[in-house]
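Read off the chains here:
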Amino acid sequence: MDSTEPQAKVSTLLLAWYDRHRRVLPWRALPGKKADPYRVWLSEIMLQQTTVQAVGPYFKDFLSRWPRVEDLAAAPLDEVLAAWAGLGYYARARNLHKAAKVVAEEMGGKFPDTAEGLRALPGVGPYTAGAIAAIAFDRPEAAMDANAERVVARLFAITAPLPGSKPEIIARGKGLVPQNRAGDFAQAMMDLGSAICTVKRPACGNCPLRALCAAEAQGIAENLPVKGPKTVRPIKRGAAFVVRDRKGAVLLIKRPEKGLLGGMLEPPLGPWTEKFPKPAEALKQAPFEADWKKLPGIVRHVFTHFELEIEAWVAEVKARPSSLWKDAPREILWVDVERLGAVALPTVMKKIITHAIEDEGPLFRKKG
DNA sequence: GAGCCGTGGTC
DNA sequence: TGACCAAGGCT
């Protein structure tokens, strides 16, 4: 798009397209209706780096458990983490709970109605603050997520690679926001990026902004935005120890509150290194002495910045040991098989437990 | 600023 | 099958 082109043309065309093609989503108000700030905030946190499809069942479940922000604030953190289990990026759930307490206890249950005010809540960054301010309060703020960045990079044919070009893209995007219907405009950008201006094979023939798109004019739309080089992902390996008592309950311990899978549960695990521990070495890593048996096969899981391979060791104990390690005691739980789906187990740990317990029927059911 | 932080779908 | 990607934020 020519930089002198009036932004009004973009918003007019995009909003007209949105009025005909807008998606129906659980957290989205019906046309002309006011959005509920609590629902908008909850959905925006869940949608960070997460697909609409994955969020759907979690959003409905959270809203059913905790209909108001005061309900969420009053819930124990462990319950919130258990409900979040499987959605990933667990710091989001901890910050969600923190922010709910702030809003419920310090703001009388009312969310701030400006981007600046929202930005002060834990877990709310520049994108989310703009999105909530626009969608819930109709403030003329930009919501520059990856969709909007892609649309803008193509509209203006910005060929410099991300993330270096991000400031320019965001500045261009802010210049497009209309004074009226800013919330619809923000959601229209996302719907356009999701349905038309896609990463691969964009449907430029159906795009309402085609005539204004500089990248399309140059035939380079699919190549934008350019991204920097990818980093290599190392592989870490280790042993997991799945213990069951005579009733079949599984021993789980709680991870530290900060860092990877913070505050979530796991079976006892050895350290993660380049190579698997040899059997004698693995037995030293076990939480206590028992008749450990190593299972055939490997559990693989991919995290954002490394891959994990786990060999599972299993044992059955007659009595629940009173102590595990001498150092760094951690919270211990024995969880019945039927309750495994109701506690804060991240997906990787569910994989390990599923691998170790070839039981009668599935241990975990997918949400929704 | 760059590294850390999950998971599931897609092609 | 593996690489890429998603309504990013925090430190």
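These figures come from a predicted structure and were not determined experimentally.

Undergrad: Help me understand the overall build of chain A, please; the structure alone is not making it clear to me.
TA: If you tally the helices and strands in chain A, you get 14 helices and seven strands. Dimensions along the principal axes, computed over C-alpha positions, put chain A at roughly 75 × 45 × 35 Å. Put simply, chain A has 368 residues, and 50% of those count as buried. Once local pairs closer than 6 in sequence are excluded, the contacts in chain A between residues at least 24 apart make up 69%. When the accessible surface of chain A is summed, it comes to about 19100 Å², and 52% of that surface belongs to carbon and sulfur atoms. Side-chain charges of chain A comprise 54 positive and 41 negative groups, with the mean position of each set lying 3 Å from the other.

Undergrad: Would you explain helix α11 (residues 182-195) in this entry?
TA: Helical periodicity: at 3.6 residues per turn, an α-helix aligns residues three or four positions apart in one direction. Given a rise of 1.5 Å per residue, 14 residues ought to cover 20 Å, and the 20 Å separating the end C-alpha atoms of α11 matches this to within 8%. Within the span of α11, buried status applies to Ala182, Gly183, Phe185, Ala186, Gln187, Ala188, Met189, Met190, Asp191, Leu192 and Gly193.

Undergrad: What is the right way to look at the UniProt feature "domain: HhH-GPD" (unreviewed entry) in chain A in this model?
TA: The positions that UniProt labels "domain: HhH-GPD" (unreviewed entry) are, in the present scheme, residues 46-195. Along residues 46-195, the helical share is 63% and the strand share 0%, with 20 Å between the first and last C-alpha atoms.

Undergrad: Mind showing me how you'd approach the protein's contact with DNA strand C here?
TA: Taken together, 24 residues sit near DNA strand C, with Leu47, Thr128, Asp145, Asn147 and Lys230 positioned nearest. By atom count, sugar and phosphate contribute 66% of the portion of DNA strand C lying within 4 Å of the protein. Note that a sugar or linking oxygen of DNA strand C is positioned 2.8 Å from one of the side-chain N or O atoms of Asp145. Contributions of two or more residues to the surface near DNA strand C are made by α8 (126-137) and α9 (146-155).

Undergrad: What am I meant to see in empty space enclosed by the protein here?
TA: Over the atoms, a rolled probe matching the size of one water molecule traces out where space is still vacant. Taken as a whole, this structure holds two cavities of 30 Å³ or more when the rule is applied. When its volume is computed, the largest cavity comes out at roughly 120 Å³. In terms of lining, the largest cavity is formed by 15 residues, of which the most central are Arg154, Cys197, Cys204, Cys207 and Cys213. Tallied by class, the residues present in the lining of the largest cavity amount to 12 nonpolar, no polar and three charged. Considering only enclosed or pocket space, the second largest cavity measures out at about 60 Å³ in volume. In terms of lining, the second largest cavity is formed by Glu141, Ala142, Ala143, Met144, Ala148, Gly173, Val177, Ala182, Phe185, Ala186 and Met189.

Undergrad: Sorry if this is basic, but what is going on with the side chain of Asp245 here?
TA: Structurally, Asp245 can be placed in the loop between β1 (235-244) and β2 (250-254). Here Lys247 takes part through its backbone nitrogen, which lies 2.9 Å from a polar atom of the side chain of Asp245. Not counting the four nearest positions on each side in its chain, Asp245 is found in contact with Glu316, Val317, Arg320 and Trp334.

Undergrad: How do you make sense of the packing of aromatic side chains when you look at a structure like this?
TA: Working definition: an aromatic ring pair is given by the centre-to-centre distance plus the angle between the planes. Evaluated as defined, the whole model comprises nine aromatic pairs. Ring plane angle 75° and centroid distance 5.3 Å describe the contact between Phe241 and Trp292, whose orientation is recorded as edge-to-face. One end of the pair, Phe241, is in strand β1; the other, Trp292, is in the loop between α13 (279-285) and β4 (293-294), with 51 residues separating them in the sequence. With respect to burial, Phe241 and Trp292 carry one shared label: buried.

Undergrad: Help me understand the packing of helix α3 (residues 52-65) against helix α5 (residues 77-84) in this model?
TA: Angle between the axes and distance between the axes: these two values describe a pair of packed helices. At a closest axis distance of 10 Å, the pairing of α3 and α5 adopts a crossing angle of 150°. As judged from the angle between their axes, α3 and α5 are roughly antiparallel. α3 and α5 meet at a crossing whose hand is right-handed. Here Tyr58, Asp61, Phe62 and Arg65 of α3 come into contact with α5, specifically with Val80, Ala83 and Trp84. Here the residues of the contact of α3 with α5 sort into five nonpolar, no polar and two charged.

Undergrad: Help me understand the pattern of salt bridges, please; the structure alone is not making it clear to me.
TA: Pairs may arise between side chains of opposite charge once their charged atoms sit close together. Counted by the stated rule, this structure contains 21 salt bridges. For the salt bridge of Asp78 with Lys254, the shortest nitrogen-to-oxygen distance reads 3.1 Å. On the criterion of sequence distance, the pair formed by Asp78 in helix α5 and Lys254 in strand β2 is long-range, its members being 176 residues apart. Assessed through its relative accessible area of 39%, Asp78 is described here as partly exposed. Classification of Lys254 as buried rests on a relative accessible area of 13%. Connected through salt bridges with shared partners, the residues Asp19, Arg181 and Asp184 form a single ionic network.

Undergrad: Hey, could you run me through the packing of α8 against α11 in this one?
TA: α11 packs onto α8 with a crossing angle of 125° between their chain directions and a minimal axis gap of 7 Å. Viewed along their axes, α8 and α11 adopt a mutual orientation that is oblique. Two secondary-structure elements touch here, α8 through Tyr127, Ala134 and Ile135 and α11 through Ala182, Gly183, Gln187 and Met190. A class-by-class count of the residues in the contact of α8 with α11 yields five nonpolar, two polar and no charged.

Criteria and cut-off values
- Residues numbered from 1 in each chain as written.
- Chains lettered and ligands numbered in written order.
- Predicted model: local features only at pLDDT ≥ 70, side-chain atom pairs only at ≥ 80, totals over all residues.
- Heavy atoms only, no water.
- Helix = DSSP H or I, 4+ residues; strand = E, 2+ residues; numbered from the N terminus.
- Buried < 20%, exposed > 50% of the residue type's maximum accessible area, 1.4 Å probe, protein only.
- Contact = heavy atoms within 4.5 Å.
- Areas by Shrake-Rupley, 256 points an atom, 1.4 Å probe, with all protein chains shown as cover.
- Lys, Arg positive; Asp, Glu negative; His and termini not counted.
- Charge placed at Lys NZ, Arg CZ, Asp CG, Glu CD.
- Expected span 1.5 Å × (residues − 1).
- UniProt positions renumbered as here; feature names shortened; annotations may be inferred.
- Near = heavy atom within 4 Å.
- Polar contact = N/O pair within 3.5 Å; in protein donor to acceptor, adjacent residues only side chain to side chain.
- 1 Å grid on protein atoms, 1.4 Å probe; cavity = no way out; pocket = protein on both sides within 12 Å on 5 of 7 lines; lining within 4 Å.
- Points joined across faces, edges and corners; volume = space filled by probe spheres on them.
- Nonpolar A, V, L, I, M, F, W, Y, C, P; charged D, E, K, R; others polar.
- Phe/Tyr/Trp six-rings, centres within 6.5 Å; stacked < 30°, edge-to-face > 60°.
- Axes fitted to C-alpha atoms, helices over the stretch in contact; angles between N-to-C directions.
- Parallel < 35°, antiparallel > 145°, perpendicular 65-115°, else oblique.
- Left-handed = near helix turned anticlockwise from the far one by under 90°.
- Salt bridge = Lys/Arg side-chain N within 4 Å of Asp/Glu carboxyl O.

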